[in-house]
Amino acid sequence: MVKNAVECRDVVVVRGDREVLHGITFGLRTGSVTGLLGPSGCGKTTLIRAIAGLQAKVTGDVQVLGSPAGTPGLRGRIGYVTQEPSVYGDLTVTENLRFFAAVLGVGAADVDRVIDAVDLRSHADARVDRLSGGQRSRASLAAALLGSPELLVLDEPTVGLDPVLRRDLWDLFHRLADDGATLLVSSHVMDEASRCDRLLLLRDGDLLADDTPDALLDAAGAVDIEQAFLTLIERKARTR
Ligand SMILES: Nc1ncnc2c1ncn2[C@@H]1O[C@H](COP(=O)(O)OP(=O)(O)OP(=O)(O)O)[C@@H](O)[C@H]1O
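Residues numbered from 1 in each chain as written. Predicted model: local features only at pLDDT ≥ 70, side-chain atom pairs only at ≥ 80, totals over all residues.

As recorded in an unreviewed UniProt entry, the protein chain goes by ABC-2 type transport system ATP-binding protein and comes from Kribbella amoyensis.

S.K.: Can you help me understand the site of the ligand in this one?
M.R.: In the vicinity of the ligand, the residues found are Arg-15, Gly-16, Val-20, Gly-38, Ser-40, Gly-41, Cys-42, Gly-43, Lys-44, Thr-45, Thr-46 and His-188. Element by element, the count of residues in the shell around the ligand is highest for helix α1 (residues 44–52), at three residues. In terms of residue class, the shell around the ligand is built from two nonpolar, eight polar and two charged. (Near = placed C-beta within 6 Å. Helix = DSSP H or I, 4+ residues; strand = E, 2+ residues; numbered from the N terminus. Nonpolar A, V, L, I, M, F, W, Y, C, P; charged D, E, K, R; others polar.)

S.K.: What is the right way to look at the nonpolar core in this model?
M.R.: Across soluble globular proteins, nonpolar side chains show a tendency to be buried alongside one another. Judged by nonpolar contacts, the single largest core of 70 residues is most densely connected at Ile-51, Val-64, Leu-97, Ala-142, Val-153 and Leu-183. If we skip the residues at most four places from it in the chain, Leu-97 touches Val-111, Val-114, Ile-115, Ala-142, Ala-143 and Leu-146. (Core = buried A, V, L, I, M, F, W, Y, C linked by C-beta atoms within 7 Å. Buried ≥ 20, exposed ≤ 12 C-beta atoms within 10 Å, placed from the backbone. Contact = placed C-beta atoms within 7 Å.)

S.K.: Which parts of the structure should I look at to understand the pairing of strand β9 (residues 198–203)?
M.R.: Consecutive side chains along a regular strand alternate between the two faces of the sheet. Pairing geometry for strand β3 (residues 33–37) and β9, over four bridges, is parallel. Directly across from Thr-34, in β9, lies its bridge partner Arg-198. With five bridges connecting them, β9 and strand β10 (residues 206–211) associate as antiparallel partners. For Arg-203, the partnering residue across the bridge sits in β10 and is Asp-206. Hairpin geometry of β9 and β10 is characterised by an intervening segment of two residues between the two adjacent antiparallel strands and by a positive phi of about 50° at Asp-204. (Pairing = 2+ DSSP bridges.)

S.K.: Hey, could you run me through the sheet that holds strand β6 (residues 78–81) in this one?
M.R.: Strand-to-strand pairing in sheets goes through backbone hydrogen bonds, with the strands running parallel or antiparallel. Taken in spatial order, the six strands of this open sheet run β6-β7-β8-β3-β9-β10, and their pairing is mixed. At either margin of the open sheet sits one strand with a lone partner, and together these are β6 and β10. On average, adjacent strands in this sheet sit at an angle of 15° to one another, irrespective of strand direction. The strands that helix α7 (residues 225–238) touches are β9 and β10; relative to β10, the one it contacts most, it runs at about 130°. (Axes fitted to C-alpha atoms, helices over the stretch in contact; angles between N-to-C directions.)

S.K.: Hey, could you run me through the sheet that holds strand β5 (residues 67–68) in this one?
M.R.: The antiparallel open sheet is built from four strands, whose spatial order is β2-β1-β4-β5. Two strands in the sheet have a free side with no partner beyond their single neighbour: β2 (18–29) and β5. Across six bridges, the pairing between strand β1 (residues 4–15) and strand β4 (residues 58–64) is antiparallel. Opposite Val-6, over in β4, you have Val-64 as the bridge partner.

Written as structure tokens, this is what we have:
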């Protein structure tokens, strides 16, 4: 088994005529939940897309499950949830999942498993365009869970969810990691940080920190991750 599910080395990404990631290096340990945190526009989606193999103009090295990102054989081994719902509005939750299961060549039994995993059983027969925003994003997450991918890259999966659902989803992420999956979960909500095994703090395309939540708090002498983030920014500004 590869020890790190993802290895990024000196990753630079240009979008339009701007460099938006400036040389990012980190690894994601197999079987862990890593939070990718940082303010809007700092490059979280871009980094996730680079790992999913969907981002143009990437230089440096992005290794995913032992192969370069974007290698065709990786497709069925990665679950990627974008910020936009990736399910069809005019189909029910179950119809969507049966369709994606067929595309992936995954058995129908998996459809029931993922519906229960995201707690959508009561809306399994509802059309997706009649679901709330949070229910729709859970339907997208369910689609990404089909086939039990080894790596899950989730772009802000908990936006718009109430605290109980957010807690349930984080519990699900940890259960998946306990079963061996590796998860990278982006968020701009700093209070989600404590739920992660490890954190990547991104700012303006640079990696400010790569550590456990506790180690980050200790290093910054902070009581919460938001304060730790601000302390790290101030320290970085002083060393410039
Ligand atoms: N299609 C694009 N063309 C050019 N620049 C882009 C494009 N998409 C994003 N960018 C720029 O790349 C930078 C990083 O964007 P990205 O979407 O990765 O940030 P983010 O941290 O995910 O933000 P958010 O939390 O708001 O989703 C931003 O400055 C953004 O303006």
